Amino acid sequence: MNYRETVEYLFATTPSFQTVGADAYKPGLERVAEFCRALGNPQDNFLTIHVAGTNGKGSTSHMLASILQHAGYRVGLFTSPHLKDFRERMRVDGQMISEQRVVEFVAHHRERMRSLDLSFFEMTTAMAFDFFSDSDVEVAVIETGLGGRLDATNIIHPILSIVTNIGMDHTDLLGDTLPAIAREKAGIIKCGVPVVLGESSEEYDSVFENRAAELSSRVIYAQRDIQLLGQEEAERGQRFEICRCRDGHRFSVEIDLRGEYQRHNVLTVASAADYLDCHTPITISRRAFLDGMATAAATTSLAGRWQRLGEKPFVVCDTGHNAHGFRYVAAQLAELLERHTALYCVIGFARDKEIDKVLQILPKGAHYIFTQAATPRALPADELAEKAAQAGLRGEVQPSVAEAMARARELAHEEDAIFVGGSNYVVAEIL
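Per chain, residues are indexed from 1 in the order of the written sequence. The model is predicted, so local features are restricted to residues of pLDDT at least 70 and side-chain atom pairs to those at 80 or more, both for listing and for counting; the totals for chains, interfaces and linings are taken over all residues. Just so you know, side-chain values use all the structure's heavy atoms and leave hydrogens and water out.

A. Region of the structure containing the overall build of the protein. Scanning the protein for helices and strands turns up 18 helices and 17 strands. Since a compact globule built from 431 residues should have a radius of gyration of about 22 Å, the 21 Å found for the protein is in line with a globular shape. Residues counted as buried form 61% of the 431 residues belonging to the protein. Working rule for contacts: check all heavy atoms of both residues, and any pair within 4.5 Å makes them a contact. Across the protein, the fraction of contacts at a sequence separation of at least 24, relative to all contacts at a separation of at least 6, is 72%. Residue-level accessible areas treat just the shown protein chains as cover; the underlying method is Shrake-Rupley with a 1.4 Å probe. For the protein, the accessible surface area stands at approximately 16900 Å², while carbon and sulfur atoms represent 45% of it. In this charge count, Lys and Arg are treated as positive and Asp and Glu as negative; neither His nor the chain ends contribute. The atoms used to mark charge sites are NZ of Lys, CZ of Arg, CG of Asp and CD of Glu. Mean positive and mean negative side-chain charge positions of the protein (44 and 59 charges, respectively) differ by 2 Å. What counts as a helix is a DSSP run of H or I of at least four residues, what counts as a strand is a run of E of at least two, and both are numbered from the N terminus. Within these notes, the globule rule equals 2.2 Å times the number of residues to the 0.38 power, and the radius of gyration is based on C-alpha atoms. Here the term buried applies to any residue with accessible area under 20% of the maximum for its type, exposed to any over 50%, and partly exposed to those in between, with areas from a 1.4 Å probe on protein chains only.

B. Quick look at the sheet that holds strand S4 (residues 95-96). Read across the open sheet, the eight strands follow the order S4-S3-S2-S5-S1-S6-S7-S8; overall the sheet is mixed. In the strand order of this sheet, the two ends are held by S4 and strand S8 (219-221), each with one partner. Across four bridges, the pairing between strand S1 (residues 47-52) and strand S6 (residues 160-163) is parallel. Directly across from Val51, in S6, lies its bridge partner Ile162. Under this scheme, a helix contributes an axis fitted over its contacting stretch, all axes are lines through C-alpha atoms, and angles between N-to-C directions fall in the 0 to 180 degree range. Docked against the sheet, helix H6 (residues 120-134) engages strand S2 (75-78), strand S3 (90-92) and strand S5 (139-143), running at close to 10° with respect to S3. Its contacts with the sheet put helix H11 (residues 262-279) on S1, S6, strand S7 (195-197) and S8, and the angle it makes with S6 is roughly 170°. Strands were regarded as paired on the criterion that DSSP finds at least two bridges between them.

C. Representation of unusual backbone geometry within the structure. Residue Pro81 is reached from Ser80 by a cis peptide bond, and omega for that bond is -5°. Counting through the fold element by element, Pro81 comes out in the loop between S2 and S3. For the peptide bond that leads from Lys312 to Pro313, omega is 5°, which places it in the cis range. Mapped onto the secondary structure, Pro313 falls in the loop between strand S12 (307-311) and strand S13 (314-318). Although it is not a glycine, Ser301 adopts a positive phi angle of roughly 60°.

D. Looking closely at the environment of Asp117. Positionally, Asp117 belongs in the loop between helix H5 (99-116) and H6. For Asp117, a relative accessible area of 48% puts it in the partly exposed group. For the pair Asp117 and Glu184, spaced 67 residues apart in sequence, the C-alpha to C-alpha distance is 23 Å.

E. Summary view of the nonpolar core. Put simply, a nonpolar core is a bunch of buried Ala, Val, Leu, Ile, Met, Phe, Trp, Tyr and Cys residues held in one set by side-chain atoms that sit within 4.5 Å of each other. Ile49, Ile242, Ile284, Phe289 and Met293 are the most contacted members of the largest nonpolar core, which has 42 residues in total. For this core, the leading source of residues is H11, giving eight residues. For Ile284, the contacting residues outside a window of four places in its chain are Ile67, Leu68, Ala71, Ala273, Leu276, Asp277 and Phe289. If you look at the next biggest cluster of nonpolar residues, it comprises 37 residues, including Phe35, Phe120, Phe121 and Ile156.

F. Highlighting the sheet that holds strand S11 (residues 249-255). Ordered by their spatial adjacency, three strands build an open sheet running S9-S10-S11, and the pairing between neighbours is antiparallel. Each of the sheet's edge strands pairs with one partner strand only, and the pair in question is strand S9 (226-233) and S11. Adjacent strand axes in the sheet meet at a mean angle of 20°, parallel and antiparallel pairs treated alike. Relative to strand S10 (residues 238-244), S9 is paired through seven bridges, and the arrangement is antiparallel.

G. Structural detail: the pairing of S1. In terms of residue burial, S1 counts as a mostly covered element, since five of its six residues are buried. Across five bridges, the pairing between S1 and S5 is parallel. Bridged to Leu47 within S5 is Val139.

H. Summary view of the confidence of the model for the protein. Across the chain, each position has a pLDDT score giving the predictor's confidence in that residue, from 0 to 100. Overall, the predicted model of the protein reaches an average pLDDT of 93, with 96% of residues at or above 70. Below a pLDDT of 50 lies the segment residues 20-24, which in the model reaches 12 contacts outside its immediate sequence neighbourhood of four places, other chains included.

I. Looking closely at the pattern of salt bridges. Salt bridges, as used here, are contacts in which a Lys or Arg side-chain nitrogen is within 4 Å of a carboxyl oxygen on Asp or Glu. Inspection of the entire model under this criterion finds 22 salt bridges. In this structure, Arg339 engages Glu335 in a salt bridge whose closest nitrogen and oxygen atoms are separated by 3.8 Å. Residue Arg339 and its partner Glu335 are both found in helix H14 (residues 323-339); the two are separated by four residues, about one turn of the helix.

J. Focus on the state of the cysteines. When two cysteine sulfur atoms are found within 2.5 Å, that pair is recorded as a disulfide. Using the criterion set out here, one finds zero disulfides in the structure. You can see Cys243 has no disulfide; the closest cysteine sulfur is in Cys245, sitting 5.5 Å from it. Exposure remark for Cys243: the relative accessible area of 11% places this residue in the buried category. Not engaged in a disulfide, the cysteine Cys278 finds its nearest cysteine sulfur in Cys245; these two sulfurs lie 14 Å apart.

Structure, rendered in structure tokens:
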């Protein structure tokens, strides 16, 4: 099989959350652990940093990988889902795994993967570990797929764990309360290994404190570690003024990512980088930290985070896809409405999301173009339009993302704005 045929084979024969949703979820670590043992336990051949959370774990992982790369390390980065190409999920020093390696890995291990009945994510996780080991990676940033405790990535023993935040998402699999979801995320904490908590809350802090105490670990609260003094737009992204509370040192940090919500990720990453430099074999200079942050998107090819796609009209896309994350997106959409004559929103959602909660917080002054991505998980555009009407949103229906985008450009004038989002799938088709 060539690369295209190999990827089609994987999607057709191993259940993928990206295509079928919750039916692909296979909790438990036994299958992936057995497969990795057959591979020689490649995940033990490099240092790891484990990142979980409801939102922000992708941006956080990419920022950390960029910092570590600028610090002189050979860095692996494992994230999901991909937007355009399966190979986006695993990179070494910013470079995607080669097509040939994907083909050879699947050809060599296909029978064993089938006998173990691996899920798509379990197979992908093991492939990434094997790729990193053979590429002489020194440290890898590993993002969980879903949850933490039973996530396939949780066979690693990291030098630091990170949980960005806790929000209501995947409630059918992780629990229907914030403490219940927090318990699943806290499952990545290992004995004696601290966890950085990006956003604390009275509703779930005790969950992390109790789990850390059980494992002789500790919780590092990023918001107590690093103080945000200011945030403003910069030429290539944003500039943050932050203060390290332990010694009062101030930093002017630029990032090549936009989006108001990045302020939470900046504090999380700054706290994690400080711990790594002070308490692990990793050395991160001030220059490596600042350069890594300033070029995170460019270094690691991160896309879809309040990404500008045009100026006249102003066009922006974002991969936020749940109510917790959309709080920040909705606030920025309201700002777009204030700054532009009209706002056109091309939106589509996966059917398994809590869409009603998202629709309630979207600005009612925008014109919505409801659509659906080319995936079985997509909510039909007509159903989305009906739900939106009940929430007081006005708009129209277009059957495909391409047609919806063409309609938005037809309606918008130079002084207007267009937003594209609602799910990774919609953004992927635009990019």
